[in-house]
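Here is what each chain is made of, one letter per residue.
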Amino acid sequence: MSSLLTYLSPWEFSPTVLIACIVSSWLFIRGMRQRRRDGLRTGFWRSLSFFLGLILIYAVMQTYVDYLSQHMFWVHRLQHLILHHLAPFFIALAYPHAVLGSGIPLRWRQKVLLPLWNSWPIRTGYGFLQNPIVAPTLFVGLIYFWLLPGLHFDAMLSTTLYKIMNWSMLLDGLLFWWLMLDNRMPNESVTLRHSIRIFILFAAMIAQILIGAHITLSKTVLYDVYSVCGRAWPISPLTDQEIGGLTTWIPAAMMSVLGILLVIRLWMKHSTAQYILDTEQGKEK
Amino acid sequence: MGDFRNLFRITCRAGLLSIGILLLSACHSEPPWATKNITGLMPTLEFTLTEANRNKIVHAQDYRGEILLMYFGYTHCPDVCPLTLSRLKSALAKLGDAAQQVRVLFVSVDPGRDSIEDLKRYTEYFGPEVLGLRGDQTALRELTKKYRVTYGYNKPNANGDYDVSHSSAVYVFDRKGEARLLIRPTDAVASISIDLKRLLTEGIPVASQSKQ
């Protein structure tokens with residue numbers, strides 16, 4: 001019992017993670033109820049996807065996994081795979097914007113959120129981050145940046161840098177996968193063209209294969225901080241590095257492939273919808 | 001097209017800004033250290049442990065004013081610990097009289113086997129400037145977690161002997177108890193002594209510095 005508690009309790013308690021998880025779950029549940037009252041169904045899979053993403057984020061940041069991530073390279077790579085890829089992917093797949101929006105009290109939405117969203121600093125900032133060149137550069141760039149051996153060493157020693165690292169991975173992951181999987185119709189909202197999304201996902205995949213292969217196939221220890229600070233359990237440094245490299249290489253690249261398949265599906269859905277819309281308009285004329 | 005022109009302008013501005021910051025920081029930066037500089041990355045030294053050599057409870061504050069080299073090891077350690085301690089000893093030998101202002105704190109991560117007497121005998125073998133520190137698991141976890149190091153025990157063999165995984169780094173604290181340097185197993189003895197000499201000249205009143 002006590003050992004189970006050790007595994008489930010946070011290594012370094014973060015009120016920010018806890019509050020963020022509670023507030024977003026609360027908004028999502030509120031949104032689901034509000035939508036049911038309005039006669040809209042949210043669907044089981046959609047809510048499952050959202051909460052699965054949220055649970056994954058909490059699990060890698062606020063359980064024993066966080067301790068292991070600080071003292072084992074491959075667990076650290078797994079943590080980033082979940083923070084930057086898997087969890088944001090599940091959350092984006094739930095298309096949570098509509099549900100979360102309905103969860104926010106109407107007055108708040110109108111008086112605070114909408115004006116804030118439409119204010120120029122937020123608009124420009126978001127537009128810049130979601131620019132078709134900036135977004136993938138940032139997505140891949142952050143992986144390379146935090147894996148610079150010198151910086152990686154410092155990030156594993158300093159609590160502040162470590163937090164900045166993990167939060168930047170998570171927030172960028174959410175932005176990126178939302179940009180890729182956004183399901184709104186092109187005429188409904190300004191979204192990225194499907195062909196560009198596929199190209200971005202492909203380019204990101206190549207860049208991740210390169211760094212993953214570089215780490216896996218390296219014959220020297222690139223990240224000595226884990227030897228310096230002690231590993232969670234005895235394992236050869238090169239084995240640790242190989243597993244970590246493979247985690248950065250294969251599953252991360254597979255996520256891009258999965259992303260491309262989903263964009264193709266979305267593309268087909270959108271063009272069918274557009275066709276139906278066009279023929280209906282044609283009939284009216 | 002307007003999008004791209006805008007993006008180009010933003011990129012140019014960000015580029016110029018970062019070059020400016022780099023140049024500025026290059027002007028202000030001090031010469032690099034021979035070992036790993038960790039200034040500003042870790043918290044000030046705090047602990048309450050038992051010093052084996054005097055069999056007395058000590059606090060980190062008791063050592064302020066001295067340069068501290070903190071190492072996490074255990075007395076049954078077959079190779080890394082004695083090797084590290086003898087490397088530190090060789091580095092200290094190059095400092096002359098100034099070595100008296102340096103203390104090596106050997107923190108045992110195996111308090112189950114390392115008794116006060118064991119630690120005292122072990123550290124005294126390496127010289128009077130080496131002190132053995134012992135604490136219970138709670139105090140130990142608190143201290144190691146703060147410096148983001150860990151340790152673990154393997155399963156004991158038939159004789160009850162077991163391996164302990166521990167950190168191979170030596171943390172160097174300045175006279176104010178701030179974490180400044182990290183000595184890695186790959187660092188040469190000469191690098192260690194150069195950096196310690198430099199650290200020793202810090203924080204001494206100018207009057208006494210000129211006397212030396």
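Residues numbered from 1 in each chain as written. Chains lettered and ligands numbered in written order. Predicted model: local features only at pLDDT ≥ 70, side-chain atom pairs only at ≥ 80, totals over all residues. Heavy atoms only, no water.

**A word on the overall build of chain A**
Then step 1. Helices and strands together make up the secondary structure of chain A, namely 14 helices and 0 strands.
Then step 2. Going from the N terminus to the C terminus, chain A shows its helices and strands as α-α-α-α-α-α-α-α-α-α-α-α-α-α.
Then step 3. Relative to the compact-globule value of 19 Å for 285 residues, chain A shows a C-alpha radius of gyration of 21 Å, a close match.
Then step 4. For chain A, the C-alpha atoms occupy an extent of roughly 75 × 40 × 35 Å along the three principal directions.
Then step 5. In chain A, which comprises 285 residues, the share counted as buried stands at 45%.
Then step 6. For chain A, the exposed area adds up to about 14,900 Å²; of that, 72% sits on carbon and sulfur atoms. (Helix = DSSP H or I, 4+ residues; strand = E, 2+ residues; numbered from the N terminus. Rg over C-alpha atoms; globule rule 2.2 N^0.38 Å. Buried < 20%, exposed > 50% of the residue type's maximum accessible area, 1.4 Å probe, protein only. Areas by Shrake-Rupley, 256 points an atom, 1.4 Å probe, with all protein chains shown as cover.)

**Digging into the sheet that holds strand 9 (residues 170-173) of chain B**
Residue and element names in this part refer to chain B.
Then step 1. Reading across the sheet, the 8 strands line up as 1-10-9-4-5-6-2-3 and stay open at both edges, with mixed pairing between neighbours. Bordering the open sheet on either side are strand 1 (36-37) and strand 3 (56-59), each of which pairs with just one other strand.
Then step 2. In the sheet, strand 2 (residues 48-51) pairs with strand 3 via 4 bridges, with the strands oriented antiparallel. Bridge pairing in strand 3 links Glu51 to Lys56. (Pairing = 2+ DSSP bridges.)

**Brief notes about the pairing of strand 10 (residues 179-183) of chain B**
Residue and element names in this part refer to chain B.
Then step 1. Of all 5 residues in strand 10, 5 are buried, a share of seventy percent or more.
Then step 2. Two elements, strand 1 and strand 10, share 2 bridges in a ladder whose sense is antiparallel. Bridge pairing in strand 10 links Asn37 to Leu181.
Then step 3. As paired strands, strand 9 and strand 10 are joined by 4 bridges and run antiparallel to one another. Bridge pairing in strand 10 places Val172 opposite Leu181.
Then step 4. Counted along the chain from strand 9 to the antiparallel partner strand 10, the turn is 5 residues long, and its residue Gly177 has a positive phi close to 85°.

**As for empty space enclosed by the protein**
Residue and element names in this part refer to chain A.
Then step 1. This model, assessed by the stated rule, comprises 3 cavities of 30 Å³ or more.
Then step 2. Approximately 70 Å³ is the volume found for the largest cavity.
Then step 3. Along the walls of the largest cavity sit Arg77, His80, Leu81, His84, His85, Ile143, Met169, Gln208, Thr247, Thr248 and Ala252, which together make up its complete lining.
Then step 4. Elements supplying a minimum of two residues to the lining of the largest cavity: helix 5 (73-93) and helix 14 (237-284).
Then step 5. In terms of residue count, helix 5 provides more of the lining of the largest cavity than any other element does, 5 residues in total.
Then step 6. Partitioned by chemical class, the residues of the lining of the largest cavity number 4 nonpolar, 6 polar and 1 charged.
Then step 7. Along the walls of the second largest cavity sit Leu93, Tyr95, Leu181, Leu262, Arg265 and Leu266, which together make up its complete lining.
Then step 8. Of all the elements, helix 14 adds the most residues to the lining of the second largest cavity, at 3 residues.
Then step 9. Here the lining of the second largest cavity is built from residues that sort into 5 nonpolar, no polar and 1 charged. (1 Å grid on protein atoms, 1.4 Å probe; cavity = no way out; pocket = protein on both sides within 12 Å on 5 of 7 lines; lining within 4 Å. Points joined across faces, edges and corners; volume = space filled by probe spheres on them. Nonpolar A, V, L, I, M, F, W, Y, C, P; charged D, E, K, R; others polar.)

**Structural notes on a nonpolar patch on the surface**
All names here are of chain A.
Then step 1. Among the surface-exposed residues, Leu246, Ile250, Met254, Val257, Leu258, Leu261, Ile264 and Met268 lie close enough to one another that they form a single nonpolar patch of about 710 Å² accessible area.
Then step 2. Position of Leu258 relative to the elements: it lies in helix 14.
Then step 3. The exposure class of Leu258 is partly exposed, given its relative accessible area of 40%. (Patch = residues over 30% accessible without salt bridge, like charges linked within 9 Å, V, L, I, M, F, W, Y side chains within 5 Å. Salt bridge = Lys/Arg side-chain N within 4 Å of Asp/Glu carboxyl O.)

**Notes on the pairing of strand 6 (residues 130-134) of chain B**
Residue and element names in this part refer to chain B.
Then step 1. Across the 5 residues of strand 6, 4 count as buried, placing the element largely inside the fold.
Then step 2. Sheet analysis places strand 2 next to strand 6, joined by 2 bridges and oriented antiparallel. Looking across to strand 6, one finds that Thr50 is bridged to Arg134.
Then step 3. Where strand 5 (residues 102-108) lies against strand 6, 4 bridges are found, and the strand directions are parallel. Pairing of Val104 across the sheet is with Val130, part of strand 6.
Then step 4. On the question of chirality, the crossover connecting strand 5 to the parallel strand 6 by way of helix 3 (residues 116-126) is right-handed. (Right-handed = clockwise from strand over helix to strand, strands pointing away.)

**Looking at the confidence of the model for chain B**
Then step 1. Here chain B shows a mean pLDDT of 86. Residues at 70 or above account for 82%.
Then step 2. This model gives residues 207-212 of chain B a pLDDT under 50, and the stretch forms 3 contacts once residues within four places in sequence are excluded. (pLDDT = per-residue confidence, 0-100. Contact = heavy atoms within 4.5 Å.)

**Some thoughts on the packing of aromatic side chains**
Then step 1. Per the counting criterion, the structure on display carries 25 aromatic pairs over all chains.
Then step 2. Judged by centre distance (6.3 Å) and plane angle (35°), the rings of Phe47 of chain B and Tyr63 of chain B are tilted. A residue pair is termed long-range when its members are at least 10 positions apart, and Phe47 of chain B in the loop between strand 1 and strand 2 and Tyr63 of chain B in the loop between strand 3 and strand 4 (67-73) qualify at 16 residues. You'll find Phe47 of chain B and Tyr63 of chain B in the same group, each marked buried.
Then step 3. For the pair Tyr153 of chain B and Tyr162 of chain B, a centre-to-centre distance of 5.8 Å together with 85° between the ring planes defines the contact as edge-to-face.
Then step 4. Residue classification places Tyr153 of chain B among the partly exposed residues on the basis of a relative accessible area of 36%.
Then step 5. Through successive ring pairs, a cluster of aromatic residues spans Tyr71, Phe106, Tyr122, Tyr125 and Phe126 of chain B.
Then step 6. Above the ring of Tyr151 of chain B, the side-chain terminus of Arg141 of chain B is found at 4.1 Å from the ring centroid.
Then step 7. One Lys or Arg, Lys145 of chain B, reaches over the ring of Trp11 of chain A and ends 4.4 Å from the middle of that ring. (Phe/Tyr/Trp six-rings, centres within 6.5 Å; stacked < 30°, edge-to-face > 60°. Lys NZ or Arg CZ within 6 Å of the ring centre and 35° of its normal.)

**A word on the interface of chain A and chain B**
Then step 1. With 26 residues of chain A at the contact, the number on the chain B side is 21 residues.
Then step 2. When chain A packs against chain B, the two sides together hide about 2,000 Å² of surface, and 59% of this comes from carbon and sulfur.
Then step 3. When the buried area of chain A at its contact with chain B is split by residue, Trp11, Leu157 and Val228 of chain A rank highest and sum to 28% of it.
Then step 4. In this assembly, chain A and chain B are joined by 3 salt bridges.
Then step 5. A salt bridge links Asp154 of chain A to Lys36 of chain B, with the shortest nitrogen-to-oxygen separation between them at 2.7 Å.
Then step 6. At the junction of chain A with chain B, the criterion picks out 13 residue pairs in polar contact (both at pLDDT 80 or more).
Then step 7. Ranked by residues supplied to the side of chain A that touches chain B, first place goes to helix 10 (residues 149-157) of chain A with 5 residues.
Then step 8. Each residue belonging to the side of chain A that touches chain B can be placed in one class, and the counts come to 14 nonpolar, 8 polar and 4 charged. (Buried area = accessible area lost by both parts, 1.4 Å probe. Polar contact = N/O pair within 3.5 Å; in protein donor to acceptor, adjacent residues only side chain to side chain.)

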